[in-house]
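Report on the structure
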Amino acid sequence: MQTSHSKKPFFLALACLSLAGLVSCNSSSAASSDIVVSFYPLEFLASRIVGGKLSVSSIVPPGSEPHDFELKTSDVMKLYDTKAVFLNGLGMEPFESSVKTHPNLGPKTTVLADSLDNLITVIPSTGGSYVDPHIWLDTDIYATMGKAMLDKIVTISPENRALFESNYASLVADLSALKSYGQGLGLSGKTIAVSHDAFRYMGREFGFEELFINGFSPNDEPSASALQSLLDAIEEKGIDTIFFEELENQDIATYIATQTGAKVEVLSPLETITEGENYFSVYRRNLDKIAEAKSK
Ligand SMILES: [Zn+2]
């Protein structure tokens, strides 16, 4: 297969050929944004850096779960004319390899996790290991992701370098203020119960531990024995709140709450966003809710 060609119809044909599972490709072209990211935290980073000078859009739309999002033909069309594509990496995007190996998109794609260290390796009781992909919940790592993004964005719009650098500095200052706020809440030594195993980075940063009901993806379900040991741990730790997230079925969280007398609260891993909210407003509310939750 050829890898260099500038004619759009040819690339649309390639897009149709090279993404498995596509059943049709129509020829209507959606407008591309200058920058395309995979899901919300990356969209927020890019938007803060470019400050409206370039257009930014997200592959995973608001209200969708990125862990099991499938890329469709129309999504690929949106990527076609874009100048830069940013992915989180670490298995967060099921479509990562489709994008990276795509002849048009691959060369424009930056996987932000590739330039990071200090990541958390998880060793599940079922064996094996993986690196926790929820990296945007560590405020220092999030700033580093922003720096990698900035470095790429100034290459596609060098005339705006000073503005982008200044916007990035303001973002870093906001992240630093968020970190100080969280450090002032006294979360250290606390244990929280969450439905989705997404808060390890936040826990490492602010000193709390998580017990989780589901695994890596919010739609995983615990085995009966895992559920029983979780009930025992909640009892033993004196946990009074079970956190679940907006996008998932809360039946199991509710069941655990009724079994243990705990209440149920929302804690957002910021994988998506609702109207009127942003990374900072949601992160702060998460911190406040963790501060209110009790444990021994
Ligand atoms: Zn997640």
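For the structure itself, consult the block above.
An account of the accompanying structure is given in this report.

Cut-off values and rules
Residues numbered from 1 in each chain as written. Predicted model: local features only at pLDDT ≥ 70, side-chain atom pairs only at ≥ 80, totals over all residues. Heavy atoms only, no water. Donors = N, O, S within 2.8 Å, 3.2 Å for Na, K, Ca; no water. Tetrahedral: all angles 85-135°; square planar, octahedral: opposite > 155°, others 65-115°. Helix = DSSP H or I, 4+ residues; strand = E, 2+ residues; numbered from the N terminus. Buried < 20%, exposed > 50% of the residue type's maximum accessible area, 1.4 Å probe, protein only. Expected span 1.5 Å × (residues − 1). Contact = heavy atoms within 4.5 Å. Phe/Tyr/Trp six-rings, centres within 6.5 Å; stacked < 30°, edge-to-face > 60°.

1. Brief notes about the coordination of the zinc ion
Those protein atoms acting as donors to the zinc ion are His-67 (NE2), His-134 (NE2), His-196 (NE2) and Glu-271 (OE), and they sit at 1.9 to 2.4 Å. Coordination at the zinc ion is tetrahedral: its four donor atoms span angles of 99 to 128° at the metal. Along the chain, the residues donating to the zinc ion are arranged with the sequence spacing H-x66-H-x61-H-x74-E. Separated by 62 residues along the polypeptide, His-134 in the loop between strand 6 (130-131) and helix 5 (139-156) and His-196 in the loop between strand 7 (191-194) and helix 7 (200-206) bring together distant segments of the chain. His-196 matches His-134 in its accessibility class, with the two residues each being buried.

2. A look at helix 5
For helix 5, spanning 18 residues, the distance from its first C-alpha to its last is 26 Å, which sits close to the expected 26 Å at 1.5 Å a residue. Here helix 5 has its buried residues at Thr-139, Ile-141, Tyr-142, Ala-143, Met-145, Gly-146, Ala-148, Met-149, Leu-150, Ile-153 and Val-154. In this fold, the buried residues of helix 5 make contact with strand 1 (35-37), helix 2 (40-50), strand 3 (84-87), helix 6 (161-183), helix 7 and helix 10 (279-292).

3. Brief notes about the packing of aromatic side chains
Tallying each qualifying case throughout the model produces nine aromatic pairs. A centroid spacing of 5.1 Å and a plane angle of 80° characterise the contact between Phe-39 and Trp-136, whose relative ring orientation is edge-to-face. With a gap of 97 residues between them, Phe-39 in the loop between strand 1 and helix 2 and Trp-136 in the loop between strand 6 and helix 5 connect regions that are remote in the sequence. Counting every residue linked through ring pairs, the aromatic cluster contains Tyr-40, Phe-44, Tyr-142, Phe-206, Tyr-279, Phe-280 and Tyr-283.

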